Amino acid sequence: MLGCVVLAATPTGSLAASSDHEGQVIVYTAAQSTIVQAIGPMFEKKTGIKVQFIEAGTGEVIKRAQAEKGNPLGDVFWALAAEPLAASADLLEPYTVADDAKINPIYKKGMAGGRVQPNNVTPMVIVYNKKLVSDAEAPKTWKALADPKWKDKIAYAAADKSGSSYTILATLLTVFGDNDAGWKVVEDIMKNAKILPSSSRVPKGVADGEYHAGLTYEDAAMRQVAGGAPVGVVYPQDGTSVPPDGNALIQGAKHPKAAKLFLDYAVSKEVMDLLAEKFSLRSARTDVNPPKGFVPLREIKAVAYDMEWAGKNYAAFVKKWQDIIVRVK
Amino acid sequence: MRNRGDVWTGVSGVAFALLLFLLIIPLGRLLWASLLDDAGAFTLKHYRDFLAYPYYSRTIGHSFLVSGLVTLCALVVAVPLAFLIARMDIPGKPILKSLAILPLVSPPFIGAYSWILLFGRAGYVTTLLQKGGIIIPTVYGMHGIVLALTLNLYPFVLLMVAGALQALDQSLEEAAQGLGSSPWRVFWTLTVPVTMPSILGGAMLVFLTAFAEFGAPMIIGEGYQVLPTIVYSLFVNEMGSNPALASTGAALLVLCTTAILLVQYWAVGRKRYAMTQLRPIPPVRPQPLLRGLLTSYAYLVVGLALVPALVVAVTSFFESRGPVLYPNFSLGNYQEVLFNVPRAIANSFALSTASTLLDVILGTLVAYLVVRRRSAVTAAMDSCVMIPYAIPGTVIGVAYIVAFNKPPVVLTGTFLILILAYFVRRLPYSVRSGSAILHQIDPSVEEASISLGVSPLKSFAKVTARLMLPGIVSGGILTWVQTITEISATVFLYFGAWSTITVVIYRQVSSSNFGSAAAASTILLVAVFIPVLCVNWLLGERAVTAV
């Protein structure tokens, strides 16, 4: 499969497919360290390409690549939140992965015209601590979190720092409307919320019992569940978004052929099956089963979340959110 | 005399060239952006925006409040402790001195979690006390930041004040007492004023470090924002940053820091004491009861500050299932990090040692110029050196990529850029501790050496540098431990095989693998502690914390 792609990409086809690349690839990634350690050696063994990872948060790797523009040092973005990635389209080169036909077309929308390729997807969810909140009491909707009884008991990552947290804000505005009524719901939730600096702190804080409930994304929450933490996960009945994490080819990459091989491999069935099985990641492919214990997507009420709309309104929404924080804190 | 001027003019020329190339040009370009509008014309609009918007402007007040309180608390805790360590004969001193530095080694983004683990809403101590009917306030918010930072930063004051006390000559106090002064009078009229430059120097380091710190406020602030956390989020925003406003915030940090430094100049500049240390004062052995009390105080303070490190060490032996920790003994976390830790530790040691050596050499020379060749030029140099102190490492990291990723000078992708960034970022430590100790040394000894025909540089090396040695070495140790725990610039500049131990820890924390992060942190703590302990042991009583 991979061999075909390489031959297709290089019409001369005179070189042996396995050696028609630059021999190394530099991958900027926000994937968990454990995933990086698992996938790296598999790719090297399969292709003979030496892979170097630069690991940091989504915001940091994008900032790094922005600063390096003009003389890019990285070749590939791997497993970054797709929304911020799509917002940095000027850093990216369009590419279509070998298995493109297997990727669910729903997730290709708003991906900077094919510059970003969906990797895995993760619905926005509510988590609650089962020791502090009974299953019956648990908030079933976003709207329920606006109830004053949750005052100082719920956790939310700062929308001006965390990409996933901004997605939640834009999701709330999709559900309740970008109008006075919608912003009132946001304000009421923020009145109850403790603002944390990073998205990973929300499920962790809820699992540890620091907060009763929190607004976060599915795979971080499910990792707590898989680890045995007393955490319940709710897919809000008033509807949620299911944004993808994405991969992309960096414009001006020094190892473009190896980079494309990596991009193909990252969304191959082999890798996606492993990510679902061992790392609780829901694939964007149509032929990979959800991880064990995950609700099938068709049972989750999804809203028509428009990534381009969310990206375009980023500055305005964040400013409004900050105004709310100044008002209520 | 003419010759002496020439040599030092040359030295200051070289120092200025280095600062220009490594500091002023890369950072100046970045800060300049705060004064330009979209079309590239001069404007103060971004400053008006920043100051007019409460979400941003209120963080300036928060920063001053937090840093002021932290400095006050650190002085209250550390000055008595410095007297104890320098003057009293209490048991286990080498270990105590070494343990006292340890809080500086604890990487802030994991150390601060320990306070949540103990004093959070569901913390061990909080719940334990609740069972006994005692409700304590949680660690979150401003007072938690002050607690964490005080215990994290008090070693700065301790190191510098203990160093100054050690450099006091015995004959001075003897003379004062011989002239009929009571011990208290000697203390207040001699010891306190003479150590004041070091007390202020230490206070300054604490204030400035607290002012630039964003780890602890982020972790336990729970929405209580300070200037550096705002600059960080403006700068490294996942959804596209706001470069102009971020530069404005960074420039405000620099402005505040410069203002604080000017106040310090004014305070120290007016009062200076010079002395020549020939006979160090031997430690006093107090009466048993007093000795017991003082010893308990010293160990209590040092012990409390070690709580985060201890919690991290204990946690590292817990069993991990994904992100969840269970209190069963396990070595699993260590197995998890075994693959990349040895190489990462070796990298961290090599990079920080190289940059520390550079810092010590240039820092000592700059300190000498600033103190002994006071002029507008050297004062400007002193302020420049302090700029990296005020700026978050993130900003320095990005500024370095922008400056050194294009010809004529391409350093990105090499280990050299890390060494240079560390060098610039930690230079203030060497300069500050060097100048603090220089204020105590009488220039006449060096002048005598020169008048006896020894060349100025040689006189400096043989006489002044030697007398400065306690300050130089304690500054060097500070620089080294602070460099080896650097993360915010590293994360932008590391490349390929040059990943450091802090990158490993940081990634494990971001992946919610707290067990593995704790294991890697514990390895770092031990790896740093052993050399510090060895230095203190080797130098024995001459060592004041470090040397």
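Whatever comes next refers back to the structure up there.
All residue numbers refer to positions counted from 1 along the written sequence of the respective chain. Labels follow written order: the first chain is A, the first ligand is 1, and so on. Two thresholds apply to this predicted model, a pLDDT of at least 70 for residue-level local features and 80 or more for giving and counting side-chain atom pairs, whereas whole-chain, interface and lining totals are computed over all residues. The basis for the side-chain values is all heavy atoms of the structure; hydrogens and waters are excluded.

Draft legend 1. Representation of the packing of helix H16 (residues 341-372) of chain B against helix H21 (residues 456-484) of chain B within the structure. Residues and elements named next belong to chain B. Lines are fitted to the C-alpha atoms to define the axes, a helix being fitted only along its stretch in contact, and any angle between axes, read from their N-to-C directions, falls within 0 to 180 degrees. Note on conventions: DSSP H or I runs of at least 4 residues are helices, E runs of at least 2 residues are strands, and numbering of each starts at the N terminus. Two numbers describe how H16 lies on H21: the axes approach to 8 Å, and their chain directions differ by 135°. It follows that H16 is oblique to H21 by the angle criterion. The handedness of the crossing between H16 and H21 comes out as right-handed. Side by side, H16 and H21 meet where Ser348, Phe349, Ser352, Thr353, Ser355, Thr356, Asp359, Val360, Thr364, Leu365, Tyr368 and Arg372 of the first sit next to Phe460, Thr464, Met468, Ile472, Gly476, Thr479, Trp480, Thr483 and Ile484 of the second. Just so you know the grouping, Ala, Val, Leu, Ile, Met, Phe, Trp, Tyr, Cys and Pro go in nonpolar, Asp, Glu, Lys and Arg go in charged, and all remaining residues, Gly too, go in polar. In the contact of H16 with H21, the residues fall into nine nonpolar, ten polar and two charged. These descriptions rest on fixed angle ranges, namely under 35 degrees for roughly parallel, over 145 for roughly antiparallel, 65 to 115 for roughly perpendicular, and the rest for oblique. The sense of a crossing depends on the near helix, which, turned anticlockwise from the far helix by less than a right angle, makes the crossing left-handed and, turned clockwise, makes it right-handed. Every residue pair with non-hydrogen atoms within 4.5 Å of one another is taken to be in contact.

Draft legend 2. Local environment of the sheet that holds strand E9 (residues 213-217) of chain A. All names here are of chain A. What the five strands build is an open sheet, ordered E8-E7-E9-E6-E10; its pairing is mixed. Across the chains shown, the open sheet's two edge strands, defined by having one partner strand only, are strand E8 (193-196) and strand E10 (231-234). Across the sheet, the mean angle separating the axes of adjacent strands is 30° when strand polarity is ignored. Think of it this way: DSSP has to see at least two bridges between two strands before they count as a pair. Note that strand E7 (residues 154-157) and E8 share four bridges and pair parallel. Of the residues in E8, the one forming a bridge with Tyr156 is Ile195. Along the sheet, helix H6 (residues 180-192) contacts E7, E8 and E9; its crossing angle with E8, the most-contacted strand, is approximately 80°. Running at roughly 120° to E9, helix H8 (residues 218-226) makes contact with strand E6 (124-129), E9 and E10 of the sheet.

Draft legend 3. Inspection of the interface of chain A and chain B at higher detail. Contact residues are listed per partner, giving 60 residues for chain A and 56 residues for chain B. Note on chain A versus chain B: buried area summed over both sides is about 4900 Å², and carbon and sulfur give 52% of it. Lys194 of chain A is paired through a salt bridge with Glu222 of chain B; the nearest N and O atoms lie 3.6 Å apart. Identification of polar contacts relies on pairs of N or O atoms within 3.5 Å, with a donor-acceptor requirement for protein atoms, meaning one able to donate a hydrogen and the other able to accept it, and with residues adjacent in sequence counted only if both atoms are side-chain atoms. Where chain A packs against chain B, one counts 24 residue pairs in polar contact (both at pLDDT 80 or more). Here the quantity called buried area is the accessible surface, traced with a 1.4 Å probe, that two parts lose on coming together, added over both. Whenever Lys or Arg places a side-chain nitrogen within 4 Å of a carboxyl oxygen from Asp or Glu, that contact is recorded as a salt bridge.

Draft legend 4. Inspection of the packing of aromatic side chains at higher detail. Residue and element names in this part refer to chain B. The aromatic pairing rule takes the rings of Phe, Tyr and Trp, using the six-membered ring of Trp, and pairs them if the centres are within 6.5 Å, calling planes under 30 degrees apart stacked, those over 60 edge-to-face and the rest tilted. The tally for this structure, following the rule as stated, stands at 32 aromatic pairs over all chains. Ring plane angle 75° and centroid distance 5.8 Å describe the contact between Tyr55 and Tyr56, whose orientation is recorded as edge-to-face. With a centroid separation of 5.7 Å and an interplanar angle of 15°, the aromatic rings of Phe317 and Phe329 are classed as stacked. Taken together, the residues span a long stretch of sequence, with Phe317 in the loop between helix H14 (307-316) and strand E1 (319-321) and Phe329 in the loop between strand E2 (324-326) and helix H15 (332-337) at a distance of twelve residues. According to the relative accessible area criterion, Phe329 is exposed, its value standing at 65%. Per-residue accessibility, obtained with a 1.4 Å probe over protein chains only, is compared with the maximum for each type, and a residue is labelled buried under 20%, exposed over 50%, and partly exposed between these values.

Draft legend 5. Examining the side chain of Asp75 of chain A more closely. All names here are of chain A. Within the secondary structure, Asp75 sits in the loop between helix H3 (58-67) and strand E3 (76-81). Charge convention: Lys and Arg are scored as positive, Asp and Glu as negative, and His as well as the terminal groups of each chain are ignored. We note that Asp75 is buried and unpaired, the nearest opposite charge coming from Lys254 at a distance of 7.3 Å. At 2.8 Å, the side chain of Asp75 forms a polar contact with the backbone nitrogen of Ile26. One polar contact links Asp75 to His255, side chain to side chain, over a distance of 2.7 Å. Once residues lying within four places of it in the same chain are set aside, the contact partners of Asp75 are Gln24, Val25, Ile26, Ala248, Leu249, Ile250, Ala253, Lys254, His255 and Ala259.

Draft legend 6. Main features of the packing of helix H11 (residues 227-235) of chain B against helix H18 (residues 393-403) of chain B. Remark: H11 of chain B packs on H18 of chain B, axes separated minimally by 9 Å, with the N-to-C direction vectors making an angle of 35°. Between H11 of chain B, through Val231, Tyr232 and Phe235 of chain B, and H18 of chain B, the contact on the second element is made entirely by Thr394, Val395 and Val398 of chain B.

Draft legend 7. Main features of the pattern of salt bridges. Here the structure, examined in full by the defined rule, presents 24 salt bridges over all chains. Measuring nitrogen to oxygen at the nearest pair gives 3.7 Å for the salt bridge that ties Asp188 of chain A to Lys191 of chain A. Here Asp188 of chain A pairs with Lys191 of chain A, and both are found in helix H6, just three residues apart, close to one helical turn. For Asp188 of chain A, a relative accessible area of 17% corresponds to the buried category. Lys191 of chain A gets classed as partly exposed once you look at its relative accessible area, which sits at 35%. Here the salt bridges share partners, and the residues they tie into one network are Lys151, Asp152 and Lys194 of chain A together with Arg121 and Glu222 of chain B.

Draft legend 8. Representation of the environment of Thr485 of chain B within the structure. Residue and element names in this part refer to chain B. Along the chain, Thr485 falls in the loop between H21 and helix H22 (490-493). Note on Thr485: relative accessible area 8%, which makes it buried. Taking C-alpha positions, Thr485 is 39 Å from Gly132, a pair spaced 353 residues apart along the chain. When residues no more than four places from it in sequence are discounted, the contact partners of Thr485 are Leu104, Val105, Thr502 and Leu524. Here the side chain of Thr485 touches Gln482 through a polar contact of 3.2 Å, landing on its backbone oxygen.

Draft legend 9. The arrangement of the nonpolar core in detail. Throughout this description, the term nonpolar core refers to a set of buried Ala, Val, Leu, Ile, Met, Phe, Trp, Tyr and Cys residues connected via side-chain atoms within 4.5 Å. Among the nonpolar cores identified, the biggest contains 260 residues, and Tyr156, Leu169 and Trp321 of chain A together with Tyr154 and Tyr400 of chain B are the most heavily contacted of them. Take this core: its biggest share by element is 16 residues, from helix H7 (residues 142-167) of chain B. In this view, Tyr154 of chain B contacts Ala74, Val77, Ala78, Leu81, Ala100, Pro103, Val301, Val302 and Ala305 of chain B; residues no more than four positions away in its chain are not counted.

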